[in-house]
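# Survey of secondary and tertiary structure
Read off the chains here:
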Amino acid sequence: MAASSNAEQTQLQDMEEEGAGMEEREMDSDEGEEAGMGEENSDDEEDDSSEDEKENEAEIQRLEEQLSINAFDYNCHLDLIKLLKHEGELLRLRKARQKMAELFPLTEEIWLDWLKDEIRLSEEEPNREKVYELFEKAIKDYICPEIWLEYGQYAIGGMGSVGGIDKVRAIFERAVTAVGLHMTKGQTVWEAYREFENAILSTVQPPPGRTYSREEQERVDVQLGRIHTLFRRQLAVPLMDMEATYAEYEEWSETGVPETTILQYRKALKSLEKCRSFEESLIVAEPPKLAEYQAYIDFELKEGDPARVQITFERTLAENCLVPDMWTKYNTYLDRQLKVKDLVLSTHDRAVRNCPWTMGLWKSYVLALERHGADHHTVSDVFEKALSAGFIQAADYVEIWQAYLDYLRRRVDFSKGERESSKELEELRGAFSRSLDYMKQDVEERFGESGDPSCIIMQIWARVEALHCKNIQKARELWDSIMTKGNAKFANMWLEYYNLERSYGDPVHCRKALHRAVQCTSDYPEHVCEVLLTFERVEGSLEDWDVAVQKTETKLNRVNEQRAKAAEKEAAMARQEEDRGDQRQRTKSDKKAQKKVQKGFRPGEKRKAQQDDYQDQWNEDSGKSAPKRQRGNGAQSTEDMETETGLFGRKAPPGYKHAAPGTKKTQQGDAAAAQRQNDDKPELRDDNCSVFISNLAYTLEEPEAKLRTLFETCGPINQIRPVFSTKGGFKGYGYVQFEAPVSVPEALKLDRREVEGRPMFVSPCVDKNKNPDFKVFKYNTALEKQKVFISGLPFSCTKEQLQEMSKDHGTIKEVRLVTYRSGKPKGLAYVEFENEAQASQAVLKMDGMEIEGNKISVAISNPPRRNQMDITGSNRPTADLMPRQVFGSRGRGRTQLSLLPRSLNRQSAPVSKAENGTALSSTSANSAGETKPLSNSDFAKMLLSK
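These lines cover the structure that appears in this document, whether it is placed above or below. Sequence order as written defines the numbering, with residues in each chain counted from 1. Local features in this predicted model are restricted to residues of pLDDT 70 or higher, and side-chain atom pairs are both shown and tallied only at a pLDDT of 80 or more, whereas totals for entire chains, interfaces and linings draw on every residue. Note that water and hydrogens are dropped before the side-chain values are worked out from all heavy atoms of the structure.

## Some thoughts on unusual backbone geometry
Which entries qualify depends on this criterion: Secondary structure is summarised from DSSP: a helix means a run of H or I of at least four residues, a strand means a run of E of at least two, and numbering begins at the N terminus for each. Type-normalised accessible area, obtained with a 1.4 Å probe on protein chains alone, sets the label of each residue: buried when under 20%, exposed when over 50%, and partly exposed for intermediate values.
Here P287 and P288 are connected by a cis peptide whose omega angle stands at 5°. Looking at where P288 falls in the secondary structure, it is placed in the loop between α13 (259–284) and α14 (290–303). Residues other than glycine seldom take positive phi values, yet K289 does so here, at roughly 60°. Examined against the element boundaries, K289 turns out to sit in the loop between α13 and α14. By relative accessible area, K289 is classed as buried at 17%.

## Examining the pairing of strand β6 (residues 784–791)
Applicable threshold: Two strands are counted as paired when DSSP detects at least two bridges linking them.
Here β6 lies mainly inside the structure; six of its eight residues are buried. Where β6 meets strand β11 (residues 857–861), five bridges bridge the pair, whose relative direction is antiparallel. Residue pairing in the sheet places F789 in a bridge with A859 of β11. Strand direction decides the pairing type here: β6 and strand β8 (residues 825–833), joined by five bridges, are antiparallel.

## Some points on the pairing of strand β2 (residues 717–724)
Extensive coverage of β2 is indicated by the burial of seven of its eight residues. Sheet topology places β2 next to strand β3 (residues 730–738); six bridges connect them, and they run antiparallel. Considered in β3, the bridge of Q719 is made with Q737. Remark: five residues form the turn of the hairpin made by β2 and β3, two consecutive strands paired antiparallel; G728 in that turn has positive phi of roughly 95°.

## Considerations on the sheet that holds β8
The strands making up a sheet associate through hydrogen bonds between their backbones, and the pairing can be parallel or antiparallel. Filter applied, for reference: In this description, a line fitted to the C-alpha atoms serves as the axis of each element, helices being fitted only across the stretch in contact, and the angle between N-to-C directions of two axes falls anywhere from 0 to 180 degrees. In this analysis, two residues are considered to be in contact whenever any of their non-hydrogen atoms come within 4.5 Å of each other.
Pairing is antiparallel across the open sheet formed by four strands, whose spatial order is β7-β8-β6-β11. Each having just a single partner strand, β7 (812–819) and β11 make up the two edges of the open sheet. Taken over all neighbouring pairs, the strand axes of this sheet differ in orientation by 20° on average, direction set aside. Taken strand by strand, helix α33 (residues 799–806) contacts β6, β7 and β8, and its axis lies near 140° from that of β7. Its contacts with the sheet put helix α34 (residues 836–846) on β6, β8 and β11, and the angle it makes with β6 is roughly 25°.

Here you go:
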């Protein structure tokens, strides 16, 4: 017995040495990297090395200083870690990694790199516990089979210690539970577990030729049972290449494969066949494979196996950690289906660490903590972290405050009375008061708006005081404050207050509230008047009724007078606009008559048309702006576009001499004449089957043939109508009419197709005389989270070059270079990705990149307000301009918290830069803060100063 025990101990030591040898081989494979960190250079290179070390040290100090200012700079953390690793600063490297891990979840690559460095440093046994602790942190960020496999292999190296074998088994059991269902990578963990048990089996088996003792046979049987169990468990799980595992089991087992195992294996094979198409699509797809994963998740949700749903979500989030919607979907599933406290709370925590800018994730986290009975200190800490997360709109702060206040209200047991619940109640009241101060001092200062214009938080507070605390006086004070914040003109606000008084107050205050409502309401005065009269019918005396009738009549008479005046003013403005149009028409007619007099034409006398007349007319036409194209729902701007008939419906003037036959102008003149023949037949036109083509080059030869070649793939063409001037020159736009409306959507897909160096605009054909509202332009001012705006590009940068630079960061849906109408580039571009996570990655990687000596700026697309960009020199106060959101540096990322003091972050001057890098017109402001329009002399000074 003692001999067998000694032999077993010797074999365990051999296995431990073998595990240590594996670690040494890993160290040898990375020897070049470690040597670059720690070895000294030769004497000939000492001077260069010293200079490099000084430069690297200066860069390290710069990065550390930058992180002390803004700890949420994700890229700065990565650069610092990379530089410290290169310099061999192992202690500083460990601290840098720890700081980053506190703020962000680390990717699989970062964790594996860190773990391998720590394993090299922990050669002594006492340090193994620290590495175990590091592994425990690593497995919490994402579900990564490689990290679990590394964890198990590292534990094998220490199994010779007391309880070492049990520790290894425990780690492998957790590993197969966490990633054993991973269809493509789970098999490696199962195989490593079986290899470990096979190694243990070799230590308990006696040497060949010796008879087993009873105790030895029992140990062998137990170990064989463990291996049989592992095979059976693995074969019951659908995994890729599981046929090879079955063949291995058949060969290994001396008693054959049990019938129950065969049935489970066949069932797993059927499940594998159902999932095989999803796994194959993931293999061929490009990262981050969000669409493929989404389809896989939908399939598993229908199947209903919680373990498989969980592993599919985890695989998805490992590659799409910056997609808030995916985290929301996963959290919702866990909250409503599994409801396992540790799993639910850990997933919520990982969600907010990955996407801290998303208010919805923080809100659901607070609710989950309350749902699972977390202590009050934990919930409060999570809420405070949410406030510092850097949300992108003011309303987000209102909503997270509402969630926290709801939680605090539910903590108060109002049934015990105010004295017994005084602590919780005072905390609730203090939180309400603090929320109002926070909205005023932090949110309004940052966003320029309160985020809570209807004062929802104050309304809730007032109802809590009136309903639970029976403190109607406090509720009235709160409503007085609500009304002083610009809400007194809204009928619905007064009716809310009236309902509060009806429920918890008295008739006197109800009457008072309705009288004030009649006096102040401006949106629906008839409604509040009706409510007041109804109240007096039920509650009031005759005297009260007379007062109410008199007050409501006075109010409604005043309102009707104001409405009549407003209608008269509107009619007067319409007449003025009509008069101005008539005046412009008369002025134009006078100018034409004056020209005729200057040419020596006498009334009643016929004359020949002179070439100069048509030259003047040509100059007048060509001086007009080309049809402007606005990107609003794919339609051209009909305000600046002449009607079709007005463009080429005129017949050639009498006496006009055509160019010599065979010349280019003659050909264009013939085309224009042919087009005029089509114009004489308006019944042949059909806007539903037509598209408007614009932004073509004026020098485009044979535009009709060119357009026919471009659009004949979209469907049968009925006619093509390019627009020509009276001189026969092509004006850069026209119409393509198809035989059927189904061809129009296909034609619209050619929008922005490049034609001879210019983007061709393709829009629906709309007659503004029949659709006058079509000219209203819906300018997009929303944050376009999946699109990035790039400025500072060299003018030589092409669309292909920009697409090549951007494709590494995600799937590109569209690349658009911004140009002048002449086609010359502005150095600006938009790149639209498939989702916001890819756009965030592009911002992180591309911002600050140098292209042909130009340093580009990359930001999430945030289009400007229409009125700020288009109304130059208006008298709008500069205080009305919304300050741009200050973003951070990670992912959607440019929305993280900046740790600069607020006083240093304030703008001391009016905002002078609009969204997406487009500068606003610089104007001088008077003492009242209003913008002063620039005069002609001001513009002259500006030009001369250039």
